[in-house]
Amino acid sequence: MTVTLVLGGARSGKSRHAEALIARLPGPYVYVATGEARDTEMVDRIALHRSRRGMDWSTIEEPLELSDVVQRPEHAAQPMLIDCLTLWTSNLMFAERDIAAACATLEAALTRRQGDTVLVSNEVGLGIVPDNALTRRFRDEAGTVNQRIAAVADRVLFVVAGLPMTVK
Amino acid sequence: MTVTLVLGGARSGKSRHAEALIARLPGPYVYVATGEARDTEMVDRIALHRSRRGMDWSTIEEPLELSDVVQRPEHAAQPMLIDCLTLWTSNLMFAERDIAAACATLEAALTRRQGDTVLVSNEVGLGIVPDNALTRRFRDEAGTVNQRIAAVADRVLFVVAGLPMTVK
Amino acid sequence: MTVTLVLGGARSGKSRHAEALIARLPGPYVYVATGEARDTEMVDRIALHRSRRGMDWSTIEEPLELSDVVQRPEHAAQPMLIDCLTLWTSNLMFAERDIAAACATLEAALTRRQGDTVLVSNEVGLGIVPDNALTRRFRDEAGTVNQRIAAVADRVLFVVAGLPMTVK
C-alpha cells in the first residue's frame, strides 16, 4: 500500500487530481469528507465534489475522528481518498483537541492500511501574514500537519493549475 | 505555434520571465495589457512594465474582449504576450460577464493563432481563506481560469523568485 | 563558498531544512536572526528555533545591518544561516531605509564570504492581493528582495511541507 499526499491551493485542481489517482486503481472506493455541510456555500461544494465521482464510491463524513475511519476493517483494503486535512485541522482546533496527538494517531493508522490512501490538503502559508493571532495559529497548525503527513507519505505532489509537480 | 502559461505570485518576476521568453523570438511583438490605468499605483506599474520593453512592441489595452484581440488578423503571426489573466478574470467578474463562456472562447482563439502566445497569470489561492464571499468567489474563478488555460497550454511554468519551474 | 536561498511559506519547514543543510558542514556555525523578540509570540518562536540547534552555534540578532554581520572577519569562514530576509525587509521598511541599496550591499557581501551561506526567506505573494497599500508595498519589496538574492545565489530551493524542490 502507498500513501500519497496531494497539496495545492484553493481551486488548484488538487481534489480532482487526487480522484484521478484513486480512479486508476480497482474499486470500490471510499471518500472521506472532513467538511461538514454547515452553510449553502459548503453544501454546493460538497455536491459538486460528489457529482464528479461515480457510483462505486462510498462516502463518509467525518470531521474529527479520522484515524477511526482510516482503520475501519470493512474499508481496509479499498482505495481511500481523504479530503481534506486542512479542514480536519480547523475542526480539531475549534473542538479544542490535541492536534499533535490526533496527527500521530492518524500517521500510525495510515501505515497500517492495506489499500492505497490519497490525502488532500491545502497549502495556506504562502500569502501575507494574517492580522489576527487565531488565524496565524490555524496557519501554523495546518502547515505542521502538512509537514508531518508529508514525512510519512510515500509520495507528495504539489498541484498548480490542475498540474502535479512531484515533491517527493 | 505554442501557447505558454507563466504562473506566479505577486512580484515573482513572472512578467519579466514571460517577456524574456517572447524576446527570444523574432519581432515585432504584441503586448496585451488587461489592466486599466485607473489609479496612480496602476499607472506606475504599467509605466514600469512599458519601460522594460523595447521599441518593436505594440501595446493593446483590453480589459474584457481578450479573444477578439487574440484573433486580430494583423497580429496573427506575431508573438503575443498577454498580461494578465487574473486581472481579466477580475474585470469579467465586475462586468458580470459569463466567465466560463469567455474562457472557452479564449481557448479556441488561442489554438487558432499562427504566432506563439505567452500568457501571464497570478496564483492567488495559496494563502488563508479570504473573509468575504466575493473575494472567495474571485479566488475560485481565478483558479478555474488558470486550470482551463493550463489544460490547453503546451507549456506551463511556475515562477518563484524570478526562476521558472516547469509544471508542464 | 556557495550561497543557498531557501524559500517557503509559513510553517513550511524552510528554517528546519536550512539548518539541516548547514549542519552537514563542519562547525562552528553562525545563526543570524533578523527578528527581534518584541512580543511573547516572537519570543516563543525564537526559543523554539534556538532549542532545535546545538551548542556549536553562535547567535547574532541583527534586524537591519545584515551586510555588516555577513562581513565580520571572525565569522568569514564559518557556515552562516540567515533567518530570514522577509523580516529584514520589513525592518528596513519600518526604519525607512533604502531597501534597494541595502540589498545591493548584501549581495556584494555574500559573494565575498569564504564559508557557505544559507538564507531563509518567505514567499508571501501567492495569496489574495492585500487590502491596504502599505501591505501591498511590503509584499512587493519582499518579492523583489527574493528575486535579487535568488539571482546571485548558487542554489535556490522552494520548500513545501518540509520537502525541498530545486528551483535553481
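Rules and cut-offs
Residues numbered from 1 in each chain as written. Chains lettered and ligands numbered in written order. Predicted model: local features only at pLDDT ≥ 70, side-chain atom pairs only at ≥ 80, totals over all residues. Heavy atoms only, no water. Contact = heavy atoms within 4.5 Å. Buried area = accessible area lost by both parts, 1.4 Å probe. Salt bridge = Lys/Arg side-chain N within 4 Å of Asp/Glu carboxyl O. Polar contact = N/O pair within 3.5 Å; in protein donor to acceptor, adjacent residues only side chain to side chain. 1 Å grid on protein atoms, 1.4 Å probe; cavity = no way out; pocket = protein on both sides within 12 Å on 5 of 7 lines; lining within 4 Å. Points joined across faces, edges and corners; volume = space filled by probe spheres on them. Helix = DSSP H or I, 4+ residues; strand = E, 2+ residues; numbered from the N terminus. Nonpolar A, V, L, I, M, F, W, Y, C, P; charged D, E, K, R; others polar. Buried < 20%, exposed > 50% of the residue type's maximum accessible area, 1.4 Å probe, protein only. Least-squares fit on C-alpha atoms with pLDDT ≥ 70 in both. Pairing = 2+ DSSP bridges. Axes fitted to C-alpha atoms, helices over the stretch in contact; angles between N-to-C directions. Expected span 1.5 Å × (residues − 1). Arc of directions from axis to C-beta.

1. Concerning the interface of chain A and chain B
1) Next: Of the residues lining the interface, 24 residues belong to chain A; the matching set on chain B comes to 20 residues.
2) Next: Both sides together, the interface formed by chain A and chain B hides about 1700 Å², and carbon and sulfur atoms give 66% of it.
3) Next: We note a salt bridge from D140 of chain B to R11 of chain A, for which the minimum N-O separation is 3.6 Å.
4) Next: Across the contact surface, chain A and chain B share five residue pairs in polar contact (both at pLDDT 80 or more).

2. A word on the layout of surface pockets
1) Next: Within this model, the second largest pocket holds a volume of roughly 160 Å³.
2) Next: As for the second largest pocket, its lining consists of R11 of chain A together with I99, A100, C103, R137, D140, E141, T144, V145 and R148 of chain B.
3) Next: Listing elements by their share of the lining of the second largest pocket, those giving two or more residues are α5 (99–111) and α6 (133–152) of chain B.
4) Next: A total of six residues in the lining of the second largest pocket trace back to one element, the largest contributor, which is α6 of chain B.
5) Next: In the lining of the second largest pocket, the residues fall into four nonpolar, one polar and five charged.

3. Here we look at unusual backbone geometry
1) Next: Of the consecutive residues D83 of chain A and C84 of chain A, the connecting peptide bond is found in the cis state with omega at 0°.
2) Next: Take C84 of chain A: it is sitting in the loop between β4 (80–83) and α4 (85–94).
3) Next: The phi dihedral of R11 of chain B falls on the positive side, at around 45°, and the residue is not glycine.

4. A short note on the pattern of salt bridges
All names here are of chain B.
1) Next: A complete count under the given rule lists 12 salt bridges over all chains for this structure.
2) Next: Here E65 and R97 are joined by a salt bridge, their closest N and O atoms 3.0 Å apart. Residue E65 is found in the loop between β3 (57–61) and α3 (66–70), and its partner R97 is found in the loop between α4 (85–94) and α5; the two are separated by 32 residues along the sequence.
3) Next: Look at E65 and you get partly exposed, because its relative accessible area is 31%.
4) Next: Residue classification places R97 among the partly exposed residues on the basis of a relative accessible area of 37%.
5) Next: Across the pair E107 and R148 runs a salt bridge whose closest N-O atoms are separated by 2.7 Å. In this pair, E107 is assigned in helix α5 and R148 in helix α6, connecting sequence segments 41 residues apart.

5. Remarks on the relation of the copies chain C and chain B
1) Next: Between chain C and chain B, the superposition needs a rotation of 120° and an axial shift of 0.0 Å, giving an RMSD of 0.0 Å. Such a combination of turn and shift is consistent with a three-fold rotation axis. Proximity to the rotation axis, assessed at the C-alpha, singles out G127 of chain C in chain C; its C-alpha lies 2.5 Å from the axis.

6. Overview of the interface of chain C and chain B
Accessible area lost on assembly of the parts is the figure often given for the size of an interface.
1) Next: With 20 residues of chain C at the interface, the matching set in chain B holds 24 residues.
2) Next: Buried surface at the junction of chain C and chain B, both sides included, amounts to about 1700 Å², of which 65% is carbon and sulfur.
3) Next: Area buried by chain C at its contact with chain B is led by L126, I128 and Q147 of chain C, which between them contribute 38% of it.
4) Next: Counting across the chain C and chain B interface gives one salt bridge.
5) Next: Along the contact surface separating chain C from chain B lie five residue pairs in polar contact (both at pLDDT 80 or more).

7. Focus: the sheet that holds strand β5 (residues 117–122) of chain C
All names here are of chain C.
1) Next: Spatial strand order, β3-β2-β4-β5-β1-β6-β7: seven strands in an open sheet with mixed pairing. The open sheet terminates on both sides in strands that have one partner only, identified here as β3 (57–61) and β7 (163–166). The average undirected angle you get between the axes of adjacent strands in this sheet is 25°.
2) Next: Alignment of strand β1 (residues 3–8) against strand β6 (residues 155–160), held across five bridges, turns out to be parallel. Bridging across to β6, T4 finds its partner in R155.

8. A short note on the sheet that holds strand β4 (residues 80–83) of chain B
Residues and elements named next belong to chain B.
1) Next: Read from one edge of the open sheet, seven strands run β3-β2-β4-β5-β1-β6-β7, paired in mixed fashion. Two strands in the sheet have a free side with no partner beyond their single neighbour: β3 and β7 (163–166). Put simply, the sheet's adjacent strands are angled 20° from each other on average, direction ignored.
2) Next: Of the pairings in the sheet, the one linking strand β1 (residues 3–8) to strand β5 (residues 117–122) comprises six bridges and is parallel in character. Note on β5: the bridge partner recorded for L7 is S121.

9. Some thoughts on α5 of chain B
Residues and elements named next belong to chain B.
1) Next: Taking 1.5 Å per residue as the helical rise, α5 with its 13 residues ought to reach 18 Å, and the 19 Å between its terminal C-alpha atoms agrees with that figure.
2) Next: Looking at α5, one finds that the buried residues are I99, A102, C103, L106, E107, A109 and L110. End-on view of α5: buried residues confined to an arc of 165°, all on one side of the axis.
3) Next: The elements touched by buried residues of α5 are β1, α3, α4, β5 and α6.
4) Next: One side-chain oxygen at the N-terminal end of α5 lies 3.2 Å from the backbone nitrogen of A100; it belongs to D98.

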